[in-house]
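Structural overview for review
Below are the chains, spelled out letter by letter.
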Amino acid sequence: MKVAIIKYNAGNVQSVTFALNRLGIEPVLSNDPEVLKSADKVIFPGVGEASTAMASVKENGLDKIIPELKQPFLGICLGLQLMCRHSEENDTTCLGVFDLEVKKFPPNEKVPHMGWNKIHSLKGPLMNGLTDEAYLYFVHSYYAEMGSSTIAQSDYMVPFSAALQKGNFYAVQAHPEKSGVDGARILKNFIEL
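Here we summarise the structure given alongside this text. Residue numbers run consecutively from 1 along every chain, following the written order of its sequence. In view of the model being predicted, local features appear only for residues whose pLDDT reaches at least 70, and side-chain atom pairs are presented and counted only at 80 or more, with totals across whole chains, interfaces and linings using the full set of residues. Note: side-chain values were computed over all heavy atoms of the structure, leaving out hydrogens and water.

**Considering helix H6 (residues 180–191)**
Runs of E in the DSSP output that reach at least two residues are strands. Runs of H or I that reach at least four are helices, and both are numbered from the N terminus. Expected helix span is taken as 1.5 Å per residue step, with the number of steps being one fewer than the number of residues. Counted at 1.5 Å a residue, the expected span for H6 with its twelve residues is 16 Å, and the 17 Å between its end C-alpha atoms agrees. Any residue under 20% of the maximum accessible area for its type is buried, any over 50% is exposed, and the rest in between are partly exposed; the area is computed with a 1.4 Å probe on protein chains only. The complete set of buried residues in H6 reads Gly183, Ile186, Leu187, Asn189, Phe190 and Ile191.

Written as structure tokens, this is what we have:
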């Protein structure tokens, strides 16, 4: 199985690669549209700031390629946010795979939301084998609002989309590669889609 990790200027690529290695997968790191189109699965990781990351995605024409991909596709953290319509972070127009707004957490608590948090209201094959007691590791100052594509919810000041799905497109706000057994389960579920 060929798993491609999208190479752009905002990846937490090493930890995702190691997590896949633990599942017996040796991923390919690429920003080549042909490599991405021919992969069995594509992962879009991300750590960083939305507008800079989107500029990097556009630089390689990936903003046109990503929404057209047909194979299972997984966005992680900033990857999830960039798959939404728009982010409040530097007023960034994103990929629009999910018709959702990415908003900044209210300033009345500790931001970023950082650490372990429960997810609940789980739906769909990405969440197979997980319970409403599942804990994942989060680090983010912005969140995707709730919507029809929400397949898992978490709560930090406000309820937010912990995971999304629309067709072949999946995304998680937490870092499954840093989330122990539950995170490994999400990655395994994705690989088995």
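**Describing the layout of surface pockets**
Cavities and pockets are found on a 1 Å grid laid over the protein atoms alone: a cavity is a set of points where a 1.4 Å probe fits but cannot escape, a pocket is an open set with protein on both sides within 12 Å along at least five of seven lines, and a lining residue has an atom within 4 Å of such a point. Grid points are joined across faces, edges and corners, and a volume is the space filled by probe spheres set on the points. Roughly 170 Å³ of volume is contained in the largest pocket. Lining the largest pocket are 13 residues, and of these Gly48, Cys77, Val139, His140 and Ser141 sit closest to its centre. Elements with a minimum of two residues in the lining of the largest pocket: helix H5 (78–82) and strand S9 (135–140). Residue type decides the class: Asp, Glu, Lys and Arg count as charged, Ala, Val, Leu, Ile, Met, Phe, Trp, Tyr, Cys and Pro as nonpolar, and the leftover types, Gly among them, as polar. Its residues assigned to classes, the lining of the largest pocket shows five nonpolar, six polar and two charged.

**So, the sheet that holds strand S5 (residues 84–87)**
In this analysis, strands are considered paired if DSSP registers two or more bridges between them. Sheet architecture is open: four strands sit in the order S6-S5-S7-S10, paired in mixed fashion. The sheet is open, and its two borders are formed by strand S6 (92–93) and strand S10 (142–144), each paired with just one other strand. One ladder, built from three bridges, connects strand S7 (residues 98–104) with S10; its direction is antiparallel. Its bridge partner being in S10, lysine 104 is matched across the sheet by tyrosine 142.

Take it as geometry only, folks, not as evidence of what the structure does.
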